[in-house]
Amino acid sequence: MILTSGLQKVFCAGLDITEFYNPNPDRLSKFWTTLQDTWLSLYTTSFPTVSVINGHSPAGGCLFAMSCDYRVMVGPNYTIGLNETKLGIVAPKWFQDTMVAVIGQRKAEVSLTTGKMYTTDEALQIGLIDESLPDANSALKKGTQFLNNFQKISPWAYKMTKDISRQPTVQWLIDNKQKDLDFVIKYMQSPTVQKNLELYLQSLKK
Ligand SMILES: CC/C=C\C/C=C\C/C=C\C/C=C/C(=O)SCCNC(=O)CCNC(=O)[C@H](O)C(C)(C)COP(=O)(O)OP(=O)(O)OC[C@H]1O[C@@H](n2cnc3c(N)ncnc32)[C@H](O)[C@@H]1OP(=O)(O)O
């Protein structure tokens, strides 16, 4: 499966921040549970996945890209990263662990604390993406080539290998789903978080 965007310059703008601003707890609860379930499904697919990152990919967008098996990004003008600290919020543990699995503890810590958005070249350098291509068509071709590798791999061997590799992060969320949800609902109602989100949303307006 190839995960990509139909938009011109945005792969995924991340989670809809308006869902966190002045949240209705019931609605936020459904929103967050849907996100948890979507991520669990994507991170544990029984088939190979590639993200063809054909535009900017902040926060939740970066999470979805990192959750695929391979990342091909169109360069040089787009950016990718977990920028939550720039919003004045914290990336949840499972977001952070997904990044650690891709680029390692040290690089992830620097990336997460600074909320850095990496250009395509920078992302390639730190291993956040696997390949950089100059346009969307060649990126799609590269992504397809990667998937073709699996024609010679046993689906069972593929799935078992991926499960072993991803199990700790997946299991943590399965075991802590309700705790994670309760925390997010409480956290998003904090006046400090609300102020930070208000300022960030204002900064996005043109
Ligand atoms: C221990 C701690 C545990 C738990 C902590 C708890 C919770 C943490 C929870 C959540 C983690 C958060 C994850 C996220 O994904 S947050 C979202 C992060 N996204 C961004 O920062 C992206 C911001 N957007 C941009 O940078 C640009 O819009 C972008 C580069 C994507 C595209 O640029 P472009 O110039 O094409 O678009 P704009 O004209 O700027 O935007 C159009 C329009 O859309 C609004 N907008 C953009 N992104 C978002 C978004 N993610 N959510 C809501 N709204 C968004 C933007 O304001 C414009 O609005 P308008 O002016 O009204 O048209």
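Residues numbered from 1 in each chain as written. Predicted model: local features only at pLDDT ≥ 70, side-chain atom pairs only at ≥ 80, totals over all residues. Heavy atoms only, no water.

### Here we look at the sheet that holds strand β7 (residues 131-133)
Part 1 of the argument: Here four strands make up an open sheet; going across it, the order is β1-β2-β4-β7 and the pairing parallel. With one partner strand each, in any of the chains shown, β1 (2-3) and β7 form the two edges of the open sheet.
Part 2 of the argument: Sheet analysis places strand β2 (residues 50-53) next to strand β4 (residues 70-74), joined by four bridges and oriented parallel. Considered in β4, the bridge of serine 51 is made with arginine 71.
Part 3 of the argument: Relative to β4, helix α2 (residues 60-67) is tilted by about 130 degrees, and along the sheet it contacts β1, β2 and β4. (Pairing = 2+ DSSP bridges. Helix = DSSP H or I, 4+ residues; strand = E, 2+ residues; numbered from the N terminus. Contact = heavy atoms within 4.5 Å. Axes fitted to C-alpha atoms, helices over the stretch in contact; angles between N-to-C directions.)

### A word on the pairing of β4
Part 1 of the argument: Counted residue by residue, β4 has five buried out of five residues, so it is predominantly covered.
Part 2 of the argument: Neither face of β4 is open: one carries Tyr70, Val72 and Val74, the other Arg71 and Met73, and all of them are buried.
Part 3 of the argument: Inspection of the sheet shows β4 paired to β7 by three bridges, in the parallel sense. Within β7, the position partnered with valine 72 by the bridge is glutamate 131. (Buried < 20%, exposed > 50% of the residue type's maximum accessible area, 1.4 Å probe, protein only.)

### Some details on the packing of helix α1 (residues 25-43) against helix α3 (residues 93-103)
Part 1 of the argument: Orientation of α1 relative to α3, taken along the N-to-C sense of each, is 20 degrees, at an axis distance of 12 Å. On the basis of their axis angle, the class for α1 and α3 is roughly parallel. Where α1 crosses over α3, the handedness of that crossing is left-handed. Each of Trp32, Leu35, Gln36, Trp39 and Tyr43 in α1 lies in contact with α3, whose residues at this interface are Trp94, Phe95, Thr98 and Ala101. (Parallel < 35°, antiparallel > 145°, perpendicular 65-115°, else oblique. Left-handed = near helix turned anticlockwise from the far one by under 90°.)

### Observations concerning the layout of surface pockets
Part 1 of the argument: Its boundaries defined by the atoms lining it, the largest pocket holds a volume of some 810 Å³.
Part 2 of the argument: Forming the walls of the largest pocket are 35 residues, and the residues nearest its centre are Leu15, Ala59, Glu84, Leu87 and Ile89.
Part 3 of the argument: For the lining of the largest pocket, the secondary-structure elements that each account for two or more residues are α3, α7 (155-188) and α8 (191-204).
Part 4 of the argument: Considering each element in turn, the lining of the largest pocket owes the most residues, eight residues, to α7.
Part 5 of the argument: Its residues assigned to classes, the lining of the largest pocket comprises 22 nonpolar, five polar and eight charged.
Part 6 of the argument: Approximately 220 Å³ is the volume found for the second largest pocket.
Part 7 of the argument: When contributions to the lining of the second largest pocket are tallied by element, the ones reaching two or more residues are α3 and α7.
Part 8 of the argument: Broken down by element, the residue count for the lining of the second largest pocket peaks at five residues, all from α7.
Part 9 of the argument: Of the residues belonging to the lining of the second largest pocket, the class tally is seven nonpolar, three polar and three charged. (1 Å grid on protein atoms, 1.4 Å probe; cavity = no way out; pocket = protein on both sides within 12 Å on 5 of 7 lines; lining within 4 Å. Points joined across faces, edges and corners; volume = space filled by probe spheres on them. Nonpolar A, V, L, I, M, F, W, Y, C, P; charged D, E, K, R; others polar.)

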